[in-house]
Amino acid sequence: MKSTGVVRRIDDLGRIVIPKEIRRSLRIHDGESMEIFVDNELIALKKYSSLDELVNLSILLVDVIYNDIKKEVLITDMDKVIAYSGKDKKKYLSSCISQNLVQMINERMSIKISKKDVELIDGISYNSGFIIYPIIANGDACGSVVVLCGDTEINEEDERLVKFVADFLGKHIEQ
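Residues numbered from 1 in each chain as written. Predicted model: local features only at pLDDT ≥ 70, side-chain atom pairs only at ≥ 80, totals over all residues. Heavy atoms only, no water.

It is worth spelling out the overall build of the protein chain at this point. The helix and strand tally for the protein chain stands at 5 helices and 7 strands. A principal-axis box enclosing the C-alpha atoms of the protein chain has dimensions of 60 × 35 × 30 Å. The burial tally for the protein chain puts 38% of its 175 residues in the buried class. Across the protein chain, the fraction of contacts at a sequence separation of at least 24, relative to all contacts at a separation of at least 6, is 46%. In the protein chain, the 24 positive side-chain charges and the 29 negative ones have mean positions that sit 3 Å from each other. (Helix = DSSP H or I, 4+ residues; strand = E, 2+ residues; numbered from the N terminus. Buried < 20%, exposed > 50% of the residue type's maximum accessible area, 1.4 Å probe, protein only. Contact = heavy atoms within 4.5 Å. Lys, Arg positive; Asp, Glu negative; His and termini not counted. Charge placed at Lys NZ, Arg CZ, Asp CG, Glu CD.)

Here it is, written out as structure tokens:
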């Protein structure tokens, strides 16, 4: 583990401030939940994602969908791609999602675009049709399901499938 060289005091309420530079580089925003781990004398913080527990299920889902509709499918939490099926799997899996996609998720609207150049993953633009449906659990936006349609048409079946998967994952988190 790498030391940052930053030392902070714990206040009388037991709080400690994480420096702004570290929060920015790790994409930690006000109000986000952190998971706390303890190992002997080491305390570690990790951004909490309710979808972390569903990674294996998400991987199965995207593989089944890709085999059926032959379109790239990805599932994200609010920071990264947690499941991907399609070309260049290693390139996209665990990649950071763009601020553009984070904003779309936070707007909690399903988005269907026939053909547009858009950055969904940091540094990677797609010139494709796509469907984005946010994953909502307990009233909070916690990720998205995205289908990249390439040059093929977006049809109603694709839209229903994306909505179903997002709703399924949201309900699964609530359980």
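In summary, soluble globular proteins display a tendency toward joint burial of nonpolar side chains. Ranked by size, the top nonpolar core spans 24 residues in total, and within it I75, I135, V145, V165, L169 and I173 carry the most contacts. Listing elements by their share of this core, those giving two or more residues are helix 2 (55–69), strand 3 (72–76), strand 4 (81–85), strand 6 (124–137), strand 7 (140–150) and helix 5 (156–174). A total of 5 residues in this core trace back to one element, the largest contributor, which is helix 5. What L169 contacts, discounting residues up to four positions off in sequence, is L54, L57, S58, L61, I75, I135 and V145. Residues Y84, Y92, I111 and V146 belong to the second largest nonpolar core, which totals 21 residues. (Core = buried A, V, L, I, M, F, W, Y, C linked by side-chain atoms within 4.5 Å.)

Right, let's talk about the sheet that holds strand 7 for a bit. Across the sheet, 5 strands lie side by side as 4-3-7-6-5; this open sheet has antiparallel pairing. The open sheet has two free edges, formed respectively by strand 4 and strand 5 (111–121), since each of these has just one partner strand. Adjacent strand axes in the sheet meet at a mean angle of 35° when their direction is disregarded. Pairing of strand 5 with strand 6, which is carried by 8 bridges, proceeds in the antiparallel orientation. Paired with I113 across the strands is F130, a residue of strand 6. With respect to the sheet, helix 2 is in contact with strand 3, strand 4 and strand 7, its orientation differing from that of strand 4 by roughly 25°. Strands strand 3, strand 5, strand 6 and strand 7 of the sheet are contacted by helix 4 (residues 99–106), whose axis makes an angle of about 130° with strand 5. (Pairing = 2+ DSSP bridges. Axes fitted to C-alpha atoms, helices over the stretch in contact; angles between N-to-C directions.)

Before going further, it helps to examine helix 5. For helix 5, spanning 19 residues, the distance from its first C-alpha to its last is 27 Å, which sits close to the expected 27 Å at 1.5 Å a residue. Listed as buried for helix 5 are D158, V162, V165, A166, L169, G170 and I173. For helix 5, the buried positions fall inside an angular range of 130° around the axis, keeping them on one side. Among the exposed residues of helix 5, those oriented more than 90 degrees off its buried face are E156, R160, F164 and K171. At its buried positions, helix 5 is contacted by helix 2, strand 3, strand 6 and strand 7. The backbone nitrogen of E157 has a side-chain oxygen 3.1 Å away, supplied by the residue at the start of helix 5, namely N155. (Expected span 1.5 Å × (residues − 1). Arc of directions from axis to C-beta. Polar contact = N/O pair within 3.5 Å; in protein donor to acceptor, adjacent residues only side chain to side chain.)

Okay, the pairing of strand 3 next. Counting buried positions along strand 3 yields 5 of 5 residues, so the element is predominantly enclosed. Here 5 bridges tie strand 3 to strand 7, and the two strands are oriented antiparallel to one another. Within strand 7, the residue paired with T76 across the bridge is S144. Across 4 bridges, the pairing between strand 3 and strand 4 is antiparallel. Counterpart to V73 in the pairing with strand 4 is S85. A loop of 4 residues connects strand 3 with strand 4, the two strands running antiparallel in sequence.

All we've got here are geometric facts, nothing functional implied.
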